[in-house]
Each structure stands twice: as structure tokens, then as C-alpha cells.
Amino acid sequence: MYRRPLQAAVRTAFNVTTARGYGKVLDQEVGLSRALAARVSSPCLTPCRTVHMSTQLSSVKETPQHTEEEVGAFTKLIEAMGFTGPLKYNKWKIKIAALRMYTCCVERINYDDFFEKCSLPDTLNSWFLVAQLHVWMCLVRMRQEGRAGKYMCRYIVHSMWEDVEQRSKILGIDAIHRKEAMKAMTETFYAAIFGYDEGILSDDCVLAAALWRNLFNRDCEDPRQLELMVEYVRKQMQYIDALDGEDLLLTGEVKWRPLVEENAQSILKVARPTYNDTGL
């Protein structure tokens, strides 16, 4: 008789206590959620990122490459059809920069030094062999700049073939022999590209073999000439690899190191401009 009111009172007190405890838990969860949201949306806090520590030294093959650009499905479709999708820079600016970069490969090289130091004959073919070496170095550098760099590479090669054809016309080569020469130069160029790519990723022996086949045309009896050219290619690649990619895409300006360095320390330390007393 007295148990029912007592049980009812105990049950009521238990329910009230449970409801209060559950309400406190809900309040704590809501407060925690709001605090986390405030921390995430706060602009003054920077997210933490993991640091990768490694004692292994990176060689040329293991150097981290630039990540590929993420493009949409439509861009992938039109590029699969042979067209070029939208780039991060204006295409006409890239074309002008490509023409200027090829001009740097032609106008800013002292070809007489190569003919003299490497015992090359002063002919159109020797000029082309030296020019294609510098064009290849530009192609290697611009391939690192994503889709815009690859688009620029296409017009660097296009400018080279137009220049070669114009020079052959100025020399008075007739159409039949010019067509045969252009075909031979095209085969030589793409064979040299594969050889130089293998050489730059390998040791000096492989690079020297590529230079002996393509630049010297398998006619070099002085190992000092091969040593000079291997050193030249290595220092040029190190030099242009340090140039800013954005500037190369927009200007195409490349300054080449001389074939023989007067001051070897200038490769490691860039010379700073000197000023007079008036600050000029």
C-alpha cells in the first residue's frame, strides 16, 4: 500500500536527475562544437602540417617534380582531340615569349667559340647542332612549368624550324635539297632530344656519349673537348633551372653562361651590381 507512492517518488527523482545530467552533456557538446567551429574559421590560426624528415640525399632522378595541374573534364576532352585548353596566361603572350626564348638561343650564343673549341666546321649543319643543344636545354626547363610550359615548348620548336628554313633559303639551297636537309635535321633533332634527356638524368659518361653522337657527329678525338661540353651543359642546366618560371613564361629571357668561364666562382655566386658614390 505504501510502496507505490514511494516507488513513484523515487522514479520521479531519478528521471529529473537523468534529464539534468543529459542536458548538461548536451550543453557541453554544443559548447565544444562552437569552440571548434570558431577555431577553424579563425583567420589568425594556421593549420599544422606534417614535416617529412629523411636522411637520404636526392639525386637528379629523385628530385621532386612539379605537380600536374588539375583540369576539368571539358579541358581533357578538347586536349585529347588535339586542341589546347585554357591556360593560366594568355596564349599570345606565351607565343611571343617562346619566340624571344628561341632568339636567345640564336643571338646570345657565341658560335665562333664552339666552332673553335670543339673543332666544328663553320657550316649550317654545325650551327644547327649547337642551336639544337640550347633549344633542348630550354625545353627541359619549360617542361617543368606545367601545361603552359609544354605549350611554350611547342612554339619554341616551331620557331626553330622556321628559322632553319629561312637560313637555308638565304644560303641558296634549292627546294629539293632543302627538303631533304630539313628531313635529316628533323630526325637528328628528335634523336638528340632522347639522347640528351638520357644523358642529363645519368652520369657524365652517358652525357658525353650523347654529345659525341649528336654534337660532334661521332668525330671527336680529343677527350678534353668532350669534357668541356659536359661541364658546359651541366652548369647551364643548373643556371637556367634557378630562373623563375613565371618570368620565363612571360618574357622568355635567358642569359647563357660563357663556354669558358673567366671566373669559376661566378657560377656559384651571382655577381651583384656595383654602384658609384652617387648611387647610380
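Each chain has its residues counted from 1, running along the sequence as written. Thresholds applied to this predicted model are a pLDDT of at least 70 for local features of residues and 80 or more for the giving and counting of side-chain atom pairs; totals over whole chains, interfaces and linings are not thresholded and use all residues. Hydrogens are left out, water is left out, and the side-chain values use all remaining heavy atoms of the structure.

Going by the annotation in an unreviewed UniProt entry, the name recorded for the protein chain is Ubiquinol-cytochrome-c reductase complex assembly factor 1, with Larimichthys crocea given as the source organism. Under Sequence similarities (unreviewed entry), UniProt gives the following word-for-word description of the protein chain: "Belongs to the CBP3 family." UniProt positions are given in the numbering used here, feature names are shortened, and annotations may be inferred rather than shown by experiment.

Trainee: Could you clarify how one ought to interpret the side chain of Gln225 in this entry?
Mentor: Numbered from the N terminus, helices here are DSSP runs of H or I no shorter than four residues, and strands are runs of E no shorter than two. Residue position: Gln225 is located in helix α9 (residues 223-241). Any pair of nitrogen or oxygen atoms within 3.5 Å is treated as a polar contact; in protein, a donor-acceptor pairing is required on top of that, and neighbouring residues in sequence qualify only through side-chain atoms on both sides. Here Ser119 takes part through its side chain, which lies 3.0 Å from a polar atom of the side chain of Gln225. Residues in contact with Gln225, not counting those within four places in the same chain, are Lys117, Cys118, Ser119, Phe216 and Cys220. Contact criterion: two residues are considered in contact whenever any of their non-hydrogen atoms come within 4.5 Å of each other.

Trainee: Just to check I follow, could you spell out the layout of surface pockets for this structure?
Mentor: It is the rolling of a water-molecule-sized probe over the atoms that shows where space remains empty. The method works on a 1 Å grid over the protein atoms by themselves. A cavity is a set of points holding a 1.4 Å probe that cannot get out, a pocket is an open set with protein on both sides within 12 Å along at least five of seven lines, and residues with an atom within 4 Å of a point line them. Grid points are joined across faces, edges and corners, and a volume is the space filled by probe spheres set on the points. In this structure, the second largest pocket occupies an estimated 150 Å³ of space. In terms of lining residues, the second largest pocket is bounded by Arg108, Ile109, Asn110, Asp113, Phe114, Lys117, Tyr232, Trp256, Arg257, Pro258, Leu259 and Val260. Per-element tally for the lining of the second largest pocket: the top contributor is helix α4 (residues 111-117), with three residues. Three classes are used, and their members are as follows: Ala, Val, Leu, Ile, Met, Phe, Trp, Tyr, Cys and Pro are nonpolar, Asp, Glu, Lys and Arg are charged, and the others, Gly among them, are polar. Here the residues of the lining of the second largest pocket are counted per class, giving seven nonpolar, one polar and four charged.

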